[in-house]
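Below are the chains, spelled out letter by letter.
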Amino acid sequence: LTSSNVLEKNDAYLIGVDVGGTNLRVGVIQQCNVVWAERIHADFSAFCRTHAGEAALDSILDTLARAIREAQTRYPAVCAAGIGFPGFIDPMTRRIIQSPNLPGLTDVDLLTPLSKTLNLPVGIENDALAAAFGEYVVSGQEHRESLIYLGLGTGVGGGLILEGRPYPGTHGVAMEVGHIIIESDGRPCGCGNRGCMEQYASASGVALTYAELAGGWQGMDSSLVAALARKGDTHASRAFERAGEALAQGLATILKVVDVSRVVIGGGMSQSWDLMHAAFRDRLEADLIPALRGRIHIDVSRSADQAGMIGAAMLAAPRA
Ligand code: ADP
Ligand code: MG
Ligand code: ZN
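Overview of the structure. (Residues numbered from 1 in each chain as written. Chains lettered and ligands numbered in written order. Predicted model: local features only at pLDDT ≥ 70, side-chain atom pairs only at ≥ 80, totals over all residues. Heavy atoms only, no water.)

Comments concerning the overall build of the protein
The helix and strand inventory of the protein stands at eleven helices and 13 strands. Its C-alpha atoms give the protein a radius of gyration of 19 Å, within 12% of the compact-globule value 20 Å for 320 residues. Principal axes of the C-alpha set define a box for the protein whose edges measure 50 × 45 × 35 Å. For the protein, the share of sequence-separated contacts (at least 6 apart) that also reach a separation of at least 24 residues comes to 64%. Here the protein displays about 13900 Å² of accessible surface, and carbon together with sulfur accounts for 50% of that area. Each charge sign in the protein was given a centre, from 26 positive and 34 negative side chains, and these centres are 1 Å apart. (Helix = DSSP H or I, 4+ residues; strand = E, 2+ residues; numbered from the N terminus. Rg over C-alpha atoms; globule rule 2.2 N^0.38 Å. Contact = heavy atoms within 4.5 Å. Areas by Shrake-Rupley, 256 points an atom, 1.4 Å probe, with all protein chains shown as cover. Lys, Arg positive; Asp, Glu negative; His and termini not counted. Charge placed at Lys NZ, Arg CZ, Asp CG, Glu CD.)

Written as structure tokens, this is what we have:
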């Protein structure tokens with residue numbers, strides 16, 4: 001599947017759902033245009049921490065079914081739905097193997113119950129891989145270019161488009177870059193390890209760093225930390241600098257394994273890129289292989305959070 005054959009052959013209405021630990025976005029996509037979209041503040045991550053796996057799964061299925069049904073009602077001609085989901089997706093069975101930010105969801109099948117309830121073909125792909133494909137398609141790449149997407153939301157997701165093709169990996173865990181360990185014996189992570197990049201560079205990571213520096217303030221949202229930073233709060237500014245450094249540490253490592261020249265940064269936290277950028281750039285330049293310094297093109301997503309939905313529709317929705 002490449003962007004050009006997607007654009008040529010498909011003018012059907014497809015539903016794209018971008019599931020996150022905090023937000024759920026649902027849209028109706030035609031070609032790569034969003035004809036209708038809605039954002040739901042679902043807080044699945046918090047819900048999964050306070051409810052047993054079974055109850056959390058039921059709630060997620062219910063919210064997904066209602067969101068997709070809403071899109072079906074508005075666009076009865078939709079012929080399939082694709083879900084971008086924050087977790088490791090088994091490439092063969094399409095089950096969710098694990099979802100570090102949705103604890104309790106281990107080895108679950110969303111597709112069978114959803115397609116049955118909705119009477120619609122439903123597919124699933126990793127959220128960041130979907131967003132990477134969305135960014136690739138939206139930017140109208142004609143050639144088989146390579147691109148890395150880094151999504152800074154509840155966690156940090158990564159997606160790789162390798163010479164025009166989305167690369168999920170043999171076990172569905174390629175580009176799980178949020179779990180690159182950047183701090184030995186660092187903060188515990190939902191994946192089961194410690195010191196993962198997303199514990200510092202995600203929205204939750206920024207909130208944790210701020211809580212550590214300022215004392216107390218557990219559970220503060222990163223957009224509030226951003227507002228404080230803009231008012232001159234040094235702890236808040238430092239929390240964003242730490243996020244920038246952590247992201248750069250991770251990216252320098254990724255670029256030593258996968259050599260691409262284009263990186264797109266998205267997710268809710270990318271709206272505060274200005275607070276992270278200087279620390280990110282300095283650290284990236286220091287950590288990169290010298291031959292690559294100054295040669296990596298970093299863009300902040302301009303898709304206004306739509307890339308995840310677009311990519312989910314185009315990559316995950318089953319086609320007749
Ligand atoms: P997810 O996909 O995991 O649901 P999103 O990419 O939607 O996450 O990002 C949501 C997170 O981004 C929230 O935790 C929110 O606090 C944070 N966020 C939103 N806007 C900003 C901002 N301007 N600055 C920093 N963080 C922000
Ligand atoms: Mg997301
Ligand atoms: Zn981890």
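Further notes follow.
Concerning the packing of aromatic side chains
Tallied over the full model, the rule gives two aromatic pairs. Note on Tyr13 and Tyr75: the rings are 5.4 Å apart at their centroids and 40° apart in plane angle, and the pair reads as tilted. Pair noted here: Tyr13 is in strand β1 (residues 13-19) and Tyr75 is in the loop between α3 (53-74) and β4 (81-85), with a separation of 62 residues, a long-range link. Using a relative accessible area of 22% as the deciding quantity, one classes Tyr75 as partly exposed. In this arrangement the basic side chain of Arg242 is found over the ring face of Tyr200, its NZ or CZ atom lying 4.9 Å from the centre. (Phe/Tyr/Trp six-rings, centres within 6.5 Å; stacked < 30°, edge-to-face > 60°. Buried < 20%, exposed > 50% of the residue type's maximum accessible area, 1.4 Å probe, protein only. Lys NZ or Arg CZ within 6 Å of the ring centre and 35° of its normal.)

Topic: the pairing of β4
β4 sits mainly inside the fold: five of its five residues count as buried. By the alternation rule, side chains of β4 split into Ala81, Ile83 and Phe85 and Gly82 and Gly84, which are all buried. Alignment of β1 against β4, held across four bridges, turns out to be parallel. Residue pairing across strands places Asp18 opposite Gly84, the latter belonging to β4. (Pairing = 2+ DSSP bridges.)

Side note on the site of ligand 1
Around ligand 1, the structure places 17 residues, and the nearest of them are Asn23, Thr154, Asp221, Gly268 and Ser272. Between an oxygen atom of ligand 1 and a main-chain N or O atom of Asn23, the distance comes to 2.7 Å. A distance of 2.8 Å separates a nitrogen atom of ligand 1 from a polar atom in the side chain of Ser222. Taken together, the elements giving at least two residues each to the shell around ligand 1 come down to β2 (23-30) and α8 (222-230). For the shell around ligand 1, the leading source of residues is α8, giving three residues. Taken together, the residues of the shell around ligand 1 break down into three nonpolar, twelve polar and two charged. (Near = heavy atom within 4 Å. Polar contact = N/O pair within 3.5 Å; in protein donor to acceptor, adjacent residues only side chain to side chain. Nonpolar A, V, L, I, M, F, W, Y, C, P; charged D, E, K, R; others polar.)

Here we look at the coordination of the zinc ion (ligand 3)
Protein coordination of the zinc ion (ligand 3) is provided by His179 (ND1), Cys189 (SG), Cys191 (SG) and Cys196 (SG), with donor distances spanning 2.0 to 2.4 Å. Coordination geometry of the zinc ion (ligand 3): the four donor atoms subtend angles of 104 to 121° at the metal centre, consistent with an arrangement described as tetrahedral. Read in sequence order, the donor residues for the zinc ion (ligand 3) give the motif H-x9-C-x1-C-x4-C. One end of the pair, His179, is in the loop between β11 (165-166) and α6 (198-201); the other, Cys191, is in the loop between β11 and α6, with twelve residues separating them in the sequence. Accessibility assignment for this pair places His179 and Cys191 in one class, buried. (Donors = N, O, S within 2.8 Å, 3.2 Å for Na, K, Ca; no water. Tetrahedral: all angles 85-135°; square planar, octahedral: opposite > 155°, others 65-115°.)

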